[in-house]
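Listed below are the residues making up each chain.
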Amino acid sequence: MELRPEKFKLIAGDLSLDLVNTASQWQRTDKAYAPAGESIGDIADLISWALKANAIDEKAARVLAAKTANGGTQSLRRARKLRAAIYGLAVAVIDGKHPAADDLRYLDKERLRALERQAFAFAGGKFELKRRPGAEPLDAIIDTIALAAVELLTSDRSKRIRRCGGESCGWLFVDDSRGRNRHWCDMRDCGNLAKVRRFRKKAAKVAS
Ligand SMILES: [Zn+2]
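Below is a summary of the structure that appears in this document. Numbers given for residues are sequential positions, taken from 1 along each chain in its written order. Since the coordinates come from a predicted model, pLDDT governs what is reported: local features require at least 70, and pairs of side-chain atoms require 80 or more to be given and counted, while whole-chain, interface and lining totals use all residues. Side-chain numbers come from the whole structure's heavy atoms, not from hydrogens or water.

1. Quick look at the layout of surface pockets
By rolling a water-sized probe across the atoms, one finds the places where empty space is left.
No. 1: In this model, the largest pocket occupies a volume close to 290 Å³.
No. 2: Detection works on a 1 Å grid of protein atoms alone, calling trapped sets that fit a 1.4 Å probe cavities and calling open sets with protein on both sides within 12 Å along at least five of seven lines pockets, with lining residues defined by an atom within 4 Å of a point. Around the largest pocket, the lining comprises 16 residues; the ones closest to its centre are A32, Y33, K81, A84 and A85.
No. 3: Here a helix means four or more residues in a row that DSSP labels H or I, a strand means two or more in a row labelled E, and each is numbered from the N terminus. Elements supplying a minimum of two residues to the lining of the largest pocket: β2 (33–38), α4 (73–95) and α5 (101–116).
No. 4: The greatest single-element share of the lining of the largest pocket, amounting to 6 residues, is contributed by α4.
No. 5: Here the residues of the lining of the largest pocket sort into 7 nonpolar, no polar and 9 charged.
No. 6: In terms of lining, the second largest pocket is formed by 13 residues, of which the most central are L64, K67, R131, P137 and A140.
No. 7: Take the lining of the second largest pocket: its biggest share by element is 4 residues, from helix α3 (residues 58–67).
No. 8: Residues are grouped as follows: nonpolar covers Ala, Val, Leu, Ile, Met, Phe, Trp, Tyr, Cys and Pro; charged covers Asp, Glu, Lys and Arg; every other residue, Gly included, is treated as polar. Of the residues assigned to the lining of the second largest pocket, the class counts are 8 nonpolar, 1 polar and 4 charged. Grid points are joined across faces, edges and corners, and a volume is the space filled by probe spheres set on the points.

As structure tokens, this is what we get:
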């Protein structure tokens, strides 16, 4: 399994929203949001993204890659489902709407599963939270994302979740800018495109 962490871009300022940004062009189907653009095509992508996002370290990534060489489809499906739920909840916050009950329920379910897999222990002279043995190794990634999403959505930072203003972008981020005026996922991409478009419009006006 070849890991390609360099293909992912982290711009959200939050782990769970960075996962959301592995998909794009979200559309609402009758029950849930589904993306048309997908950059987590297989389990190698999920592990690569988790490595890039520091959800796991390099050693853990290598172990996971070796252990899940022929599997992980279940975890991939769960990661995508969790991603869609987080997207639904985050855009509800942005749009000032009541989030869908299914999205709330799904994140809560994953949150509880994550907590169940944690064990409070005392080792090496200190208290710690460890993972219970026997859990599917890929669950570590999903657990970390679920807990990060709950932490973000229940915090004050949730009020600063924004959607990139770029046409057909739709990436989400937390606006931690000093003036609270961040509009773009990345100034060099969507921000730059918008600048070029504004410039062209102006030039067209001057020419006419
Ligand atoms: Zn953008």
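2. Notes on empty space enclosed by the protein
No. 1: With the rule as written, the count across this model stands at 1 cavity of 30 Å³ or more.
No. 2: When its volume is computed, the largest cavity comes out at roughly 30 Å³.
No. 3: Lining the largest cavity are L19, I40, L46, L76, A79, R80 and R83.
No. 4: By residue class, the composition of the lining of the largest cavity is 5 nonpolar, no polar and 2 charged.

3. Examining the packing of aromatic side chains
Given two aromatic rings, one states the distance between the centres and the angle between the planes to describe the pair.
No. 1: Two aromatic rings, drawn from Phe, Tyr or Trp (for Trp, its six-membered ring), form a pair once their centres lie within 6.5 Å of each other, and the interplanar angle then sorts them: stacked below 30 degrees, edge-to-face above 60, tilted otherwise. Using the criterion set out here, one finds 4 aromatic pairs in the structure.
No. 2: Judged by centre distance (4.4 Å) and plane angle (10 degrees), the rings of W26 and Y87 are stacked. Residue W26 is located in strand β1 (residues 23–28), and its partner Y87 is located in helix α4; the two are separated by 61 residues in the primary sequence. As far as burial versus exposure is concerned, W26 and Y87 are alike and both buried.
No. 3: Look at Y33 and Y87: their rings are 5.0 Å apart centre to centre, the planes differ by 80 degrees, and that puts the pair in the edge-to-face class. Separated by 54 residues along the polypeptide, Y33 in strand β2 and Y87 in helix α4 bring together distant segments of the chain.
No. 4: For a lysine, the NZ atom is tested; for an arginine, the CZ atom; a charge sits over a ring if that atom is within 6 Å of the ring centre and within 35 degrees of the ring normal. Positioned over the ring face of F173 is R182, at 3.9 Å from the centre of the ring. Partly exposed residues are those whose accessible area sits between 20% and 50% of the maximum for their type, while under 20% is buried and over 50% is exposed, using a 1.4 Å probe and protein chains only.

4. So, the coordination of the zinc ion
No. 1: Note: metal donors comprise N, O and S atoms at 2.8 Å or less from the metal (3.2 Å for Na, K and Ca); water molecules are not included, so apparent gaps in a site are possible. Distances from the zinc ion to its protein donors, C164 (SG), C169 (SG), C185 (SG) and C190 (SG), fall at 2.3 to 2.4 Å.
No. 2: Irregular is the label for any site that misses the other tests, which are tetrahedral for four donors with all angles between 85 and 135 degrees, and square planar for four donors or octahedral for six when opposite donors exceed 155 degrees and the remaining angles lie between 65 and 115. Taken together, the 4 donor atoms surrounding the zinc ion define angles of 105 to 115 degrees at the centre, an arrangement classified as tetrahedral.
No. 3: Written as a sequence motif, the donor residues of the zinc ion are C-x4-C-x15-C-x4-C. Both residues of the pair, C185 and C190, count as buried.

5. Quick look at the pairing of β2
Working note: regular strand, side chains alternate between the two faces of the sheet.
No. 1: Strand pairing requires that DSSP identify at least two bridges connecting the strands. Here 5 bridges tie β1 to β2, and the two strands are oriented antiparallel to one another. Following the sheet pairing, S24 is matched in β2 by G37.
No. 2: The hairpin turn running from β1 into β2, its antiparallel successor, is 4 residues long.

6. Points about the nonpolar core
Most often, soluble globular proteins have nonpolar side chains that are buried together.
No. 1: In this description, a nonpolar core means a group of buried Ala, Val, Leu, Ile, Met, Phe, Trp, Tyr and Cys residues linked to one another through side-chain atoms lying within 4.5 Å. In this structure, L17, W49, L82 and I141 are the most contacted members of the largest nonpolar core, which totals 53 residues.
No. 2: The contact rule is simple, with two residues in contact once any of their heavy atoms fall within 4.5 Å. With residues near it in sequence (within four places) discarded, I141 still touches L46, I47, W49, A50, I56 and L64.

7. What about the environment of R105?
No. 1: With respect to the element layout, R105 can be found in helix α5.
No. 2: A sequence separation of 20 residues divides R105 from A85, and the C-alpha atoms of the two residues are 8.9 Å apart.
No. 3: Among the polar contacts listed, one links the side chain of R105 to the side chain of D102, at a separation of 2.6 Å. Here a polar contact is taken to be a pair of N or O atoms separated by no more than 3.5 Å, where protein atoms must pair a possible hydrogen donor with a possible acceptor and residues adjacent in sequence count only if both atoms sit in side chains.

8. Regarding α4
No. 1: To estimate how far a helix should extend, the number of its residues minus one is multiplied by 1.5 Å. With 23 residues, α4 should reach 33 Å at 1.5 Å per residue; the first-to-last C-alpha distance of 33 Å fits that figure.
No. 2: Taken from the residues just after α4, G96 is the one with a positive phi, measuring 65 degrees.

9. Here's the deal with the side chain of D186
No. 1: Along the chain, the position of D186 falls in the loop between β6 (172–174) and α7 (187–207).
No. 2: Within the structure, D186 has its side chain in polar contact with the backbone nitrogen of R188 (distance 2.8 Å).
No. 3: Each residue touching D186, except ones within four places of it in the same chain, is listed here: K9 and G191.

Purely geometric stuff here, so don't read any function into it on its own.
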